[in-house]
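Inside the fold
Residues per chain are reported as follows:
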Amino acid sequence: QITDTKILALAQSTGAFFKNEDLVTDPVSNTVQFHVKTFASQMKEFETPLCPSEPFYHQPVGANCSGALVGSDLVLTAGHCIRNQEICSDRKFVFGFAIKRPGVTPDPISPEDVYDCKTIVITKDEADGVDYALIRLSRPVLNRPPLLVNRSGKPLRNTPLLVVGHPWGLPLKVADHAKVWSIDKRGYFLTNSDTYPGNSGSPVFNAQTRLIEGVLVRGNAQDFINNGSCSVSY
């Protein structure tokens, strides 16, 4: 549904972390397939059943966190996504978990789009404090350009924003029409972006410059509310 070529370019270099066990290589077709549940079936485990009217009801979920390519072999994500080397060793970073044509199932991807989480360059995960990580992949990414980060200062109030990532582990989504609400003295800014768990680690872009302004790490405590016998997005 996204037709803006500049946003599509940002999405090309945004990916997701998966547990090793949730990716299966088919030696016959030489493709990687995903071990996933549907959004509806996963929600039954955590909340009241999801209402069938909810967007993406039938789509698969499986991604663990989101991340952005910011160097040839470097991924920027949230610190609470990759807290230590043990977690890193149990994760793969994947590009292309997305629905690229009408339907509800992402196509299998090439093994070239799957990377081991090799080492942690730095990770910080403080309660209500610093929360980011820089991950080195097992090899350089050759077919996707690194995304650019705003290194000249913090965004201003009302700066227009968009977020690219994997809400609830769903295939890649874009949440736009957001803005900076306020700036926290500890180095955070608050935004009204429509995001969910799974968006952790998502790059938050300035919608005008297309530079990364921050990493999504927290959200409201309530993502869903009851609507009779089922749940809808809050």
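Up top is the structure these notes are about.
My aim in this report is to walk through the structure given alongside it, one point at a time. (Residues numbered from 1 in each chain as written. Predicted model: local features only at pLDDT ≥ 70, side-chain atom pairs only at ≥ 80, totals over all residues. Heavy atoms only, no water.)

**Focus on the overall build of the protein chain**
Worth spelling out the cut-off: Helix numbering and strand numbering both begin at the N terminus, where a helix is a DSSP run of H or I of at least 4 residues and a strand a DSSP run of E of at least 2. Restricting the calculation to C-alpha atoms gives the radius of gyration, and the globule rule supplies 2.2 Å times the number of residues raised to the power 0.38. Each residue is assigned to one of three classes by its accessible area relative to the maximum for its type, calculated with a 1.4 Å probe on protein chains only: buried under 20%, partly exposed between the two thresholds, exposed over 50%. Two residues form a contact once any of their heavy atoms are found within 4.5 Å.
Helix and strand counts for the protein chain come out as 3 helices and 17 strands. Here the C-alpha atoms of the protein chain give a radius of gyration of 17 Å, agreeing with the 17 Å that 2.2 N^0.38 yields for 234 residues. With the principal axes as the frame, the protein chain shows a C-alpha extent of 50 × 50 × 35 Å. Counting the 234 residues in the protein chain, one finds 45% classified as buried. Taking contacts inside the protein chain between residues at least 6 apart in sequence as the whole, the part at least 24 apart equals 67%.

**Considerations on the pairing of strand β7 (residues 74-77)**
The condition that has to hold: Two strands make a pair as long as DSSP finds a minimum of two bridges between them.
Every second residue of β7 is oriented toward a common face, with L74 and L76 on one face and V75 and T77 on the other, all of them buried. With 3 bridges joining them, strand β6 (residues 65-71) and β7 adopt antiparallel strand pairing. When the sheet's bridge partners are listed, L69 is paired in β7 with V75. Between β6 and β7, which follow one another and run antiparallel, lie 2 residues.

**Digging into the state of the cysteines**
Basically, it comes down to this: A pair of cysteine sulfur atoms is labelled a disulfide when the two atoms are within 2.5 Å.
Inspection of the entire model under this criterion finds 3 disulfides. At a sulfur-sulfur separation of 1.9 Å, the disulfide partner of C51 is C230. On the sign convention where negative means left-handed, the S-S torsion of about 90 degrees between C51 and C230 marks this disulfide as right-handed. With C51 in the loop between α2 (39-46) and β5 (60-61) and C230 in the loop between β16 (224-226) and β17 (231-233), this residue pair connects regions lying 179 residues apart in the sequence. Of the residues examined, C51 reaches a relative accessible area of 2% and is grouped as buried. Exposure remark for C230: the relative accessible area of 14% places this residue in the buried category. There is a disulfide in this structure between C88 and C117, and the S-S distance comes to 2.1 Å. Judged by the torsion about the S-S bond (-110 degrees), the C88/C117 disulfide is left-handed. Placement of the pair is C88 in helix α3 (residues 85-89) and C117 in strand β9 (residues 114-125), with a sequence separation of 29 residues. For the protein chain, the bonded cysteines connect in the pattern 1-6, 2-3, 4-5 when numbered consecutively along the sequence.

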